[in-house]
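Spelled out from the first residue to the last, the chains are:
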Amino acid sequence: MKVFIHAFGCQMNKLDAELALSHLARAGYARCDSPEEADLVLYNTCSVREHAEERVYSNVGKLKFLKRRRPDVVIGILGCMAQKDQGRIFERLPHVDLVCGTREFPRIVELVEQARRRRGVLACGEAGAVREERDVRHRAHPFQDFITIMRGCDNYCAYCIVPYVRGREVSRPMEEIVDEARRLTDDGVREITLLGQNVNSYGLSFGRPGALVELLERVAAAPGLARLRFVTSHPKDMTRDILQAMRDLPAVCEHLHMPPQSGSDRVLKAMNRRYTAAQYRDLAALARDIVPGLALAGDFIVGFPGETEAEFEETAALVRELRFQNAFVFKYSPRPGTAAARLPDDVPEAEKRRRNQVLLGIQSRVNLEENARAIGREVEVLVEGPSPRDPRRLIGRARTNQIVVFEGAPALAGRLVRVRIESSTALTLAGRLMPDAGATLT
Ligand code: SF4
């Protein structure tokens, strides 16, 4: 049997697709590259923005012709959109056989078998932790991988649908995560990113707030691990201990994704973020003070209900001032069931677009200037392999997450090298491999 699986949305969704695939592989399924070849077609879906949902409806909508030709193919919708829309998916997409929510992945084999016998299988339970029984050999990249350390979120930011579709926050047991890290490094992984909606509160659900520091220490000790990252950090839960662990553990990279969302106190309050712009500024300063060379990444929402021009300008000022390494900017769109969806969505679409462009423009200038400052420096790069754009060159990432391209032998893939930066754009650093690099750092 062959399975085609595609994940929309965030990295956690991609990892969940791998989790589903691990279960299916044990039941004898082999992965294939197109729905046409498959006996089972699965889409792991995202509900964070309306646009993401429309893409799923459009992609899966087209599969009705496949289903007509081959009625035996099982088509399933998994994840956040399944959890949110549940039985309504069958009404809009009658050729779908299975709808499986965010906490039902471990039952995927049984659910698919049910769907083969009778169409319209709906499994969207809400309680309990997900058993993570992932086969670490199923991963997108040989040297880098992600580990889900917690699921769900208790923060209820006013715009966000995650707590409704992914449920209450539940941390995975530490032993399980450490074991997964070791299995990954035994299999050649050099860089691990720990994933959760709010990793700073890891441990809270099993009565040990602050356990992230111990988790970082234990995962960083996995033999052969060169780099460790963690995302996403909620500013309200960031602590001095975590920043000190970033500084003191050599494997932990100096890159912190800690979304401010807005620079306006009124908007932050309406978003239920539970910090002010001044507190965010202080935290960013503290983080940069404790962790030398820290690169900060942030997410921003423009056009939140009632956001005035002056409030938007406060956000623009924050982006100018804090000089993020990356700023991901999203236009607000109401998500049904969230607190913000009850507010009038009163910033016109064209204005949201303009604000989005303004922030991206500021960020692009920051990137251009900051990357130019890297010229002449040597940076440590984890080599990913030949550059997709120019296979004669290699591509990799610095500890601070910038993309670095340089000439070198493809055999360096998976190794740490040093590259002297010679030129830059807003998105990339380019440089020269230091002669003794691979030998000394690997
Ligand atoms: S912290 Fe806020 S934005 Fe992040 S997942 Fe939780 S509710 Fe959503």
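Analysis parameters
Residues numbered from 1 in each chain as written. Predicted model: local features only at pLDDT ≥ 70, side-chain atom pairs only at ≥ 80, totals over all residues. Heavy atoms only, no water. Helix = DSSP H or I, 4+ residues; strand = E, 2+ residues; numbered from the N terminus. Expected span 1.5 Å × (residues − 1). Contact = heavy atoms within 4.5 Å. Pairing = 2+ DSSP bridges. Right-handed = clockwise from strand over helix to strand, strands pointing away. Buried < 20%, exposed > 50% of the residue type's maximum accessible area, 1.4 Å probe, protein only. Axes fitted to C-alpha atoms, helices over the stretch in contact; angles between N-to-C directions. Parallel < 35°, antiparallel > 145°, perpendicular 65-115°, else oblique. Left-handed = near helix turned anticlockwise from the far one by under 90°.

Turning our eyes to something else, we now look at helix H14 (residues 349-373). Owing to its 3.6 residues per turn, the α-helix aligns residues three or four sequence positions apart on the same side. Over its 25 residues, H14 extends 36 Å from the first C-alpha to the last, a length consistent with the 36 Å expected when each residue adds 1.5 Å. Close packing links the buried residues of H14 with strand S13 (295-302), helix H13 (309-322), strand S14 (326-331), strand S18 (416-424) and strand S19 (428-433).

As defined by bridge partners, S13 adjoins S14 across 6 bridges and the pair is classed as parallel. Residue pairing across strands places Val302 opposite Lys331, the latter belonging to S14. Tracing the backbone out of S13, into H13 and back to the parallel element S14 gives a crossover that is right-handed.

Turning our eyes to something else, we now look at the environment of Arg397. Position of Arg397 among the secondary structure elements: in strand S16 (residues 393-398). Residue classification places Arg397 among the partly exposed residues on the basis of a relative accessible area of 27%. Linking Arg397 and Thr193, residues 204 residues apart in sequence, is a C-alpha distance of 14 Å. Those residues within four positions of Arg397 in sequence are excluded, and the remaining contacts are Arg227, Glu380, Val381, Leu382, Glu384, Gln402 and Ile403.

Below, the discussion takes up the packing of helix H9 (residues 211-220) against helix H10 (residues 240-248). Between H9 and H10, whose axes approach to 9 Å, the crossing angle comes to 15 degrees. One finds that H9 runs roughly parallel with respect to H10. You can see that H9 and H10 cross each other, and the crossing is right-handed. Along its contact with H9, which presents Leu212, Val213 and Leu216, the element H10 presents Asp241, Ile242 and Ala245.

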